[in-house]
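A structural walkthrough
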Amino acid sequence: MQAISFSAPKEVEIIDIREPEMGAEDVLIDVHYIGLCGSDLNAYRGRSALVSYPRIPGHEISGVIAARGEKVPTSINIGDRVMVSPYTTCGICPACRVGRPNCCQYNQTLGVQRDGAMSPRFATHYTNVFSSTTLSLQELALVEPISVGYHAANRGQVSEVDTVLVIGCGAIGLGVIAAAS
């Protein structure tokens, strides 16, 4: 199987990788869409201290479940359209203990601290997938970045009396606009 890799800053290549290995609680996803965001651009440019090389990018993912481990709940089925949460949480660090798993000190974001999904197939723990029967695969790839912007506006406690300036109207900026409006 082939994947796109940043072999070093400003160097992109197509590499051969092994097929994903699945555990009992994993799902195998046929990747359909991957968004490219600022963290991918910074990884390419060599401007992210969190990225080591070589690194396979890709964390704004949508796809279809192709296989499931024997311990995956029956609510997750082969053929489901899904998006993937690219983050890991430990559950024990101070941030996780106060309900802020997005700030987990041991987080390993796909395409940043660990290889992402810029490949035909990708395996992940079933708790990282969210399915939808209403969103298209293109829309599902936008869920993660839009939710980042939405979360930022909510954390900022934006209300109807506030004026909000959004610089950059990519998916994250659109999430801010949606939440602020």
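The structure we're discussing is the one just above.
The following refers to the structure shown. (Residues numbered from 1 in each chain as written. Predicted model: local features only at pLDDT ≥ 70, side-chain atom pairs only at ≥ 80, totals over all residues. Heavy atoms only, no water.)

The number of helices and strands found in the chain is four helices and seven strands. Mapped in sequence order, the helices and strands of the chain form the string β-β-β-α-β-β-α-β-β-α-α. In terms of C-alpha radius of gyration, the chain reaches 17 Å, essentially the compact-globule figure of 16 Å for 181 residues. On the principal axes, the C-alpha backbone points of the chain span a range of 50 × 40 × 35 Å. In the chain, which comprises 181 residues, the share counted as buried stands at 36%. The long-range share in the chain, meaning contacts at least 24 apart out of those at least 6 apart in sequence, stands at 69%. Looking at the chain as shown, the accessible area adds up to about 10,300 Å², and 53% of this sits on carbon and sulfur atoms. (Helix = DSSP H or I, 4+ residues; strand = E, 2+ residues; numbered from the N terminus. Rg over C-alpha atoms; globule rule 2.2 N^0.38 Å. Buried < 20%, exposed > 50% of the residue type's maximum accessible area, 1.4 Å probe, protein only. Contact = heavy atoms within 4.5 Å. Areas by Shrake-Rupley, 256 points an atom, 1.4 Å probe, with all protein chains shown as cover.)

A general feature of soluble globular proteins is that nonpolar side chains tend to end up buried together. One finds Val27, Ile29, Ile61, Ile76, Val84, Phe122 and Val129 to be the most contacted residues of the largest nonpolar core, which totals 13 residues. Elements that contribute at least two residues to this core include exactly β3 (26–35), β4 (60–68) and β5 (81–84). Top contributing element to this core by residue count: β3, with three residues. When near neighbours in sequence (up to four residues on either side) are disregarded, Val129 contacts Val27, Ile29, Ile76, Val82, Met83, Val84 and Thr124. (Core = buried A, V, L, I, M, F, W, Y, C linked by side-chain atoms within 4.5 Å.)

Looking now at the state of the cysteines. All told, the structure shown has zero disulfides when counted by the stated rule. For Cys37, which is in no disulfide, the shortest distance to another cysteine sulfur is to Cys169 and amounts to 16 Å. Cys37 gets classed as buried once you look at its relative accessible area, which sits at 18%. Note on Cys104: no disulfide assigned, nearest cysteine sulfur contributed by Cys90 at a separation of 3.7 Å. (Disulfide = S-S within 2.5 Å.)

Position of Ser132 relative to the elements: it lies in the loop between β7 (129–131) and α3 (137–155). Of note is the side chain of Ser132, whose polar atom sits 3.1 Å from the backbone nitrogen of Thr134. Discounting chain neighbours no more than four positions away, the residues touching Ser132 are Arg81 and Leu140. (Polar contact = N/O pair within 3.5 Å; in protein donor to acceptor, adjacent residues only side chain to side chain.)

In this section: unusual backbone geometry. Between Tyr53 and Pro54 the backbone carries a cis peptide bond, its omega angle lying at -5°. Positioned with a positive phi, Lys10 is a non-glycine residue whose angle comes to about 65°. Backbone geometry at Gln157 places phi at a positive 55°, although glycine is not the residue there. Of note, Gln157 is situated in the loop between α3 and α4 (171–180). By relative accessible area, Gln157 is classed as exposed at 65%.

There is about 750 Å³ of room inside the largest pocket. Lining the largest pocket are 30 residues, with Pro86, Tyr87, Asn102, Glu144 and Val148 positioned closest to its centre. Breaking the lining of the largest pocket down by element, the ones donating at least two residues are α1 (38–45) and α3. It is α3 that contributes the most residues to the lining of the largest pocket, four residues altogether. Considering only residue class, the lining of the largest pocket consists of ten nonpolar, 17 polar and three charged. The computed volume of the second largest pocket comes to approximately 210 Å³. In terms of lining, the second largest pocket is formed by 15 residues, of which the most central are Ile17, Ile56, Asp115, Gly116 and Phe122. Among the residues forming the lining of the second largest pocket, the class breakdown is seven nonpolar, three polar and five charged. (1 Å grid on protein atoms, 1.4 Å probe; cavity = no way out; pocket = protein on both sides within 12 Å on 5 of 7 lines; lining within 4 Å. Points joined across faces, edges and corners; volume = space filled by probe spheres on them. Nonpolar A, V, L, I, M, F, W, Y, C, P; charged D, E, K, R; others polar.)

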